[in-house]
Amino acid sequence: MWREMATTKAERWLAELLLVFWMASNTSGSSVLLFAPAAVNLEENSTTQVTITSSSSVNESTVIQFNVTYSSKQNYSSVIALPQQVSLPAETASVSFEVAARSVGQVTTYLLSNNTDIVSLTTRIRFMVVRSSALSVVNQVIGWMYFVAWSVSFYPQAWVNWRRKSVVGLNFDFLALNLTGFISYSVFNIGLFWVTSVKEEFLKRNPDGVNPVNANDVFFSLHAVLLCLVYVCQATIYERGSQKVSRVTIVLLLIGWTFALISLFVAVAKKITWLDYLYYFSYIKLAVTLIKYIPQAYMNYRRQSTEGWSIGNVLLDFTGGLFSILQMVLQSYNNDEWTLIFGDPTKFGLGLFSVVFDILFMVQHYCLYRHSTHYQPVGGQDYE
């Protein structure tokens, strides 16, 4: 009797489970997805056509409404003229509508539909109205210019080391800090660019934001790590004198990596999100940028010489920093959004501090120590 009752319950449970799976598969198969441009760029006082498409045609006429979730100005209609809704006719898979740009600003809207078969809750359109489309192109060009300048800036130092068969003059504290900084920057970039769960978390926290990491950011940081490792290899095989990493720098690196390790355990325990964990790496990179040039500048002062420290590296780094700051200023002006300058503290810090120290290095090389063909060897680093 108990066996029969158990068998009956199991059969009923199995039948209900199969029914749930059938309903889920049937619903998934009948769902229609909406697609729209993720970003629409317009010039002030211009118009454009935007097309919404569906994954398949619908059986009945469907109304698609625009749910504005963010506007850089109090009234989004002062930025763009957007219809309240558009109609997707039956047996069709696309519909177009016109958008008119009225003034500079940003508006984010999500698509809503009265058709239960249409999945549209995650379909977002970000409208960005700029002062000048030509200036947007200039900004893109400037972006690639500083990307190239910063990427190429690593090669003159490697060339100088190879030509001299010596790394005397290249401060090992700078080398260690630089490697740590770019490893941290790479972790941050890879996480926000490639890890799907982290990207989704970023959009949940910033529903009206744009992922700040692009493909060239990932390439730049990984390329920087590779060249820093080349410097390390050169430091192990070429003449280096009595140079070594100072105790102060070793302590700072231990603090940084211990913080990263503890934060990893905290993230695994789900006390912080993985997005927060990645942001910690960006802060490590920014902290490294604030201090990494100091040992090299002080070493040049102690030796009264810049020999062994590539001025080509400095000039290219200076060029990249200037272009980076220029791009952020032009972008803020073009978008009438000056918070862009401070919205990416790592990028802004990279540009600002590299320019300041590059000016100092140029003064040392071309003014203070330009006649120093011989220098006093520094026996160890007394500033430990």
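Residues numbered from 1 in each chain as written. Predicted model: local features only at pLDDT ≥ 70, side-chain atom pairs only at ≥ 80, totals over all residues. Heavy atoms only, no water.

**A word on the overall build of the chain**
Operational definition: Each helix corresponds to a stretch of at least 4 residues labelled H or I by DSSP, and each strand to a stretch of at least 2 residues labelled E; elements are numbered beginning at the N terminus. Here the term buried applies to any residue with accessible area under 20% of the maximum for its type, exposed to any over 50%, and partly exposed to those in between, with areas from a 1.4 Å probe on protein chains only. For this analysis, residues touch if any pair of their heavy atoms sits within 4.5 Å. Only the protein chains shown count as cover for residues, and the accessible areas themselves come from Shrake-Rupley with a 1.4 Å probe.
Helix and strand content of the chain: 12 helices and 10 strands. Classification of the 384 residues of the chain by burial places 42% in the buried group. Long-range pairs, those at least 24 residues apart, make up 77% of the contacts in the chain with a sequence separation of at least 6. Of the roughly 20,500 Å² of accessible surface on the chain, a fraction of 64% belongs to carbon and sulfur atoms.

**Structural notes on the sheet that holds strand 1 (residues 32-35)**
Under the convention used in this document: Two strands qualify as a pair provided DSSP detects at least 2 bridges between them.
Pairing within the open sheet is mixed, and its five strands lie in the order 5-7-3-1-9. Every interior strand has two partners, whereas the edge strands, strand 5 (80-81) and strand 9 (118-119), have only one. Two elements, strand 5 and strand 7 (residues 94-101), share two bridges in a ladder whose sense is antiparallel. Across the sheet, residue Ile-80 finds its bridge partner in strand 7, namely Ala-101.

**A short note on a nonpolar patch on the surface**
What counts here: Patches draw on residues past 30% relative accessible area with no salt bridge. Two like charges within 9 Å are joined, as are two nonpolar side chains (Val, Leu, Ile, Met, Phe, Trp, Tyr) within 5 Å. Between Lys or Arg on one side and Asp or Glu on the other, a salt bridge is scored when a side-chain nitrogen of the former is within 4 Å of a carboxyl oxygen of the latter.
A grouping of Val-248, Val-251, Leu-252 and Ile-255 is seen on the molecular surface, where their side chains present a nonpolar patch of about 330 Å² in accessible area. Looking at the element boundaries, Val-248 is found in helix 7 (residues 247-268). Judged by relative accessible area, Val-248 falls into the partly exposed class, the value being 39%.

**What about the pattern of salt bridges?**
The full count for this structure, using the stated rule, is two salt bridges. For Glu-201, the salt bridge identified is with Arg-205, shortest N-O distance 3.8 Å. Of the two residues, Glu-201 and Arg-205 are both situated in helix 5 (residues 196-205); the distance of four residues between them amounts to about one turn of the helix. With relative accessibility at 19%, the residue Glu-201 sits in the buried group. The partner of Arg-205 in a salt bridge is Asp-276, and the shortest N-O contact between them spans 2.8 Å. Taken together, the residues span a long stretch of sequence, with Arg-205 in helix 5 and Asp-276 in helix 8 (residues 274-291) at a distance of 71 residues. Among the charged side chains, a salt-bridge network with shared partners connects Glu-201, Arg-205 and Asp-276.

**Some points on the side chain of Ser-54**
Condition: Any pair of N or O atoms that falls within 3.5 Å is considered a polar contact. Within protein, one atom must be able to donate a hydrogen and the other to accept it, and sequence-neighbouring residues count only if both atoms are side-chain atoms.
The residue Ser-54 is located in strand 3 (residues 47-54) in this model. Accessibility expressed as a relative area gives 9% for Ser-54, which makes it buried. For Ser-54, the side chain forms a polar contact with the main-chain oxygen of Ser-56, separated by 2.7 Å. Apart from residues no more than four positions distant in its own chain, Ser-54 is found in contact with Val-32, Leu-33, Leu-34, Phe-35, Leu-88, Thr-92 and Ala-93.

**Remarks on the environment of Ser-242**
Along the chain, the position of Ser-242 falls in the loop between helix 6 (215-237) and helix 7. For Ser-242, a relative accessible area of 40% puts it in the partly exposed group. For the pair Ser-242 and Val-168, spaced 74 residues apart in sequence, the C-alpha separation works out to 8.7 Å.

**Observations concerning the sheet that holds strand 2 (residues 39-43)**
Convention followed: Here an angle of 0 to 180 degrees is reported between the N-to-C directions of two axes, which are lines fitted to C-alpha atoms, with helices fitted over the stretch in contact.
The five strands lie next to each other as 2-10-8-4-6, forming an open sheet whose pairing is mixed. The sheet terminates laterally at strand 2 and strand 6 (85-88), the two strands that pair on one side only. Each neighbouring strand pair of the sheet contributes to a mean axis angle of 25°, computed without reference to strand direction. The sheet contact formed by strand 8 (residues 105-113) and strand 10 (residues 124-130) spans six bridges and is antiparallel. Following the sheet pairing, Gln-106 is matched in strand 10 by Met-128.

**Brief notes about the side chain of Asn-334**
Structurally, Asn-334 can be placed in helix 10 (residues 311-335). Owing to a relative accessible area of 1%, Asn-334 belongs among the buried residues under this scheme. A distance of 2.9 Å separates a polar atom in the side chain of Asn-334 from the backbone nitrogen of Ser-132. Reaching out from Asn-334, the side chain makes a polar contact with the side chain of Ser-136 at a distance of 3.0 Å.

**Quick word on the pairing of strand 6**
A one-sided burial pattern is seen for strand 6, the buried positions being Val-86 and Leu-88 and the unburied ones Gln-85 and Ser-87. Direction of pairing for strand 4 (residues 62-71) relative to strand 6: antiparallel, over a ladder of four bridges. Note that in strand 6 the partner of Gln-65 across the bridge is Gln-85.

**Here's the deal with the nonpolar core**
As a reminder of what qualifies: For this analysis, a nonpolar core means a set of buried residues of the types Ala, Val, Leu, Ile, Met, Phe, Trp, Tyr and Cys, connected via side-chain atoms within 4.5 Å.
With 24 residues, the main nonpolar core has Ile-52, Ile-80, Phe-97, Val-99 and Phe-127 as its most contacted residues. Residue assignment for this core shows that the elements contributing at least two residues are strand 1, strand 2, strand 3, strand 4, strand 6, strand 7, strand 8 and strand 10. It is strand 7 that contributes the most residues to this core, four residues altogether. If sequence neighbours within four positions are ignored, Ile-52 has contacts with Leu-34, Phe-35, Ala-36, Ile-64, Phe-66, Val-86, Ala-93, Ser-94, Val-95, Phe-97 and Leu-111. In this structure, Tyr-146, Ala-158, Tyr-185 and Tyr-231 belong to the second largest nonpolar core, which totals 19 residues.

**Overview of the packing of aromatic side chains**
Threshold: Here is the rule: rings of Phe, Tyr and Trp (six-membered ring for Trp) pair when centre to centre is within 6.5 Å. Planes less than 30 degrees apart are stacked, more than 60 are edge-to-face, and the remainder are tilted. Criterion for a charge above a ring: Lys NZ or Arg CZ within 6 Å of the ring centre, and within 35 degrees of the ring normal.
Counted under the stated rule, the structure contains 21 aromatic pairs. Judged by centre distance (6.4 Å) and plane angle (55°), the ring pair of Phe-154 and Phe-220 falls under tilted. Taken together, the residues span a long stretch of sequence, with Phe-154 in helix 3 (residues 154-164) and Phe-220 in helix 6 at a distance of 66 residues. Between the aromatic rings of Phe-193 and Trp-194, the centroid separation amounts to 5.5 Å while the plane-to-plane angle is 70°, which identifies the pairing as edge-to-face. Residue Phe-193 is classed as partly exposed on the basis of its relative accessible area of 25%. Through a chain of ring-to-ring contacts, the aromatic side chains of Tyr-146, Trp-150, Phe-154, Phe-182 and Phe-220 assemble into a single cluster. Above the face of the Tyr-333 ring, Arg-131 is positioned so that its terminal group lies 4.6 Å from the ring centre. The ring of Trp-162 carries the charged tip of Lys-165 above its face, separated from the ring centre by 4.3 Å.

Structural measurements only, silent on function.
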